[in-house]
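Residue-level listing of the chains:
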Amino acid sequence: MEMAFGVSKPVIFFMAHVTITFFFLVSGAARATAQVFSVDSYGGRGDGVRDDTQALAKAWAAACASPRPAVVLVPGAGKHYLLKQLTLSGPCKSTVTLMVKGTLVASPDMSSWNDENRRYWIVISGVDGLAVGGGGEIDGNGEGWWKNSCKINTALPCKGAPTALTFHSCNNLRVDGLKMVNSQQIHMSVEDCIGVQLAHLSITAPGTSPNTDGIHITRSRNVQVSDCTIKTGDDCISIEDGTHDLHVTRLVCGPGHGISIGSLGDDNSRAEVSGIFIDTVQLYGTTNGARIKTWQGGSGYANNIVFQNMLMNNVKNPIIIDQNYCDSAKPCKAQGSAVEVSNVVFKNIKGTTISENAINLNCSKNFPCYDIALQDINLKMVGGSGGTESTCQNAKWRKSGIVVPQPCTGKN
Ligand SMILES: *[C@@H]1O[C@H](CO)[C@@H](O)[C@H](O)[C@H]1NC(C)=O
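Residues numbered from 1 in each chain as written. Predicted model: local features only at pLDDT ≥ 70, side-chain atom pairs only at ≥ 80, totals over all residues.

- As named in an unreviewed UniProt entry, the chain is endo-polygalacturonase, taken from Leersia perrieri.
- Here the chain is described in UniProt, under the heading Sequence similarities (unreviewed entry), as follows: "Belongs to the glycosyl hydrolase 28 family."
- What UniProt states about the chain under its Catalytic activity (unreviewed entry) heading is, verbatim, "(1,4-alpha-D-galacturonosyl)n+m + H2O = (1,4-alpha-D-galacturonosyl)n + (1,4-alpha-D-galacturonosyl)m." (UniProt positions renumbered as here; feature names shortened; annotations may be inferred.)

Okay, structure coming up:
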């Protein structure tokens, strides 16, 4: 069942009665009254100083136990709720809406994260039919974590930092109308979910912040991402193992690393990704545009993939399949296997690149990529400074329409 809420949807507040009347879209006229559980009724202060972790946990527990549809309300009007690591678990008795009007901000006290929980900040787990929205903000307060990243301070050991918001095993999830800023690492991760709609999300962190992916999707199917703006220091959207039937549309991306399928197949693992449709994207100054990246030595497949209607502005690698990925930290000793890449369409992709090699199909000798279609592509050097080229290895491709640069005529 899908709940209606968010910017343009019919939400009527009767705060005096602490009741929200809202409509269920599915049956059209059917209507239900939800009970509101405000964080402030459970001891929340929202002063940005005192810890509100327990207040949100208690409001959640009460809402989740409610036999009636429930709204967990994080009040707005300049309020900042300081949170340490927190898991909001289901299953819940009825449908729950998490309505964030104010700001949820991560505690600056990094020592409150121990080794077991350091990969998470807010986790929502095992909740079916959850809706999240309200137009408020989730602030990961990431600066302290970034300074301690081994990517920034190479003298430090590499340890992960928290993902700001993790949805784990949440079927029929809808997140609509939220801002996320300065996550410690990944902003939002969708894991083991079936039936997900993410819409009207604004995700922002400095282009120099390490590993601050926008939306990370893994082991999930039937996922739609629409009307999002993502400006961070890593992938706008990273599509990982076990993602099937993902539809991304109307995305504005950059700075960051672009849209990436993978890395797949690390540590000789098996990865399966299929049915990925990326449509109507503007990229600004990203490292990659449309990328598929798989490790040497992996197995499995990435297939039935479409990247179309993309406008590139100053992108470094606009179109890239790298099936030979290997990183110096884990040397790959001429490993024969690879994640098979096939049936990929790159269509109507235009704009500018900052490196000559605008179309790079770098595929595996033993498992060449095949059914790679290049259609209506025009990628030029930024500022008109010389022509672009295209390099290919072990790729079975075809082209239609006008494709600039001419595919696979480069020096490699
Ligand atoms: C192709 O991949 C191999 C292995 O990662 C790398 O050494 C080579 O530079 C790549 N070629 C291009 C043109 O990117």
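1. As for the overall build of the chain
Phase 1 of the analysis: A tally of helices and strands in the chain yields two helices and 30 strands.
Phase 2 of the analysis: Residue burial in the chain is summarised as follows: out of 412 residues, 48% are buried.
Phase 3 of the analysis: Long-range contacts, defined as pairs at least 24 residues apart, comprise 72% of the intrachain contacts of the chain with a sequence gap of at least 6. (Helix = DSSP H or I, 4+ residues; strand = E, 2+ residues; numbered from the N terminus. Buried ≥ 20, exposed ≤ 12 C-beta atoms within 10 Å, placed from the backbone. Contact = placed C-beta atoms within 7 Å.)

2. Observations regarding the pairing of strand β10 (residues 120-125)
Phase 1 of the analysis: Counted residue by residue, β10 has five buried out of six residues, so it is predominantly covered.
Phase 2 of the analysis: Pairing of strand β7 (residues 86-89) with β10, which is carried by four bridges, proceeds in the parallel orientation. Across the sheet, Thr-87 pairs through a bridge with Val-123, a residue of β10.
Phase 3 of the analysis: Bridge count for β10 against strand β13 (residues 163-168) is five bridges, and the pairing is parallel. Looking across to β13, one finds that Tyr-120 is bridged to Thr-163. (Pairing = 2+ DSSP bridges.)

3. Some points on the sheet that holds strand β23 (residues 288-295)
Phase 1 of the analysis: Ordered by their spatial adjacency, eleven strands build an open sheet running β7-β10-β13-β15-β17-β19-β21-β23-β25-β27-β29, and the pairing between neighbours is parallel. At either margin of the open sheet sits one strand with a lone partner, and together these are β7 and β29 (389-393). Each neighbouring strand pair of the sheet contributes to a mean axis angle of 15 degrees, computed without reference to strand direction. (Axes fitted to C-alpha atoms, helices over the stretch in contact; angles between N-to-C directions.)

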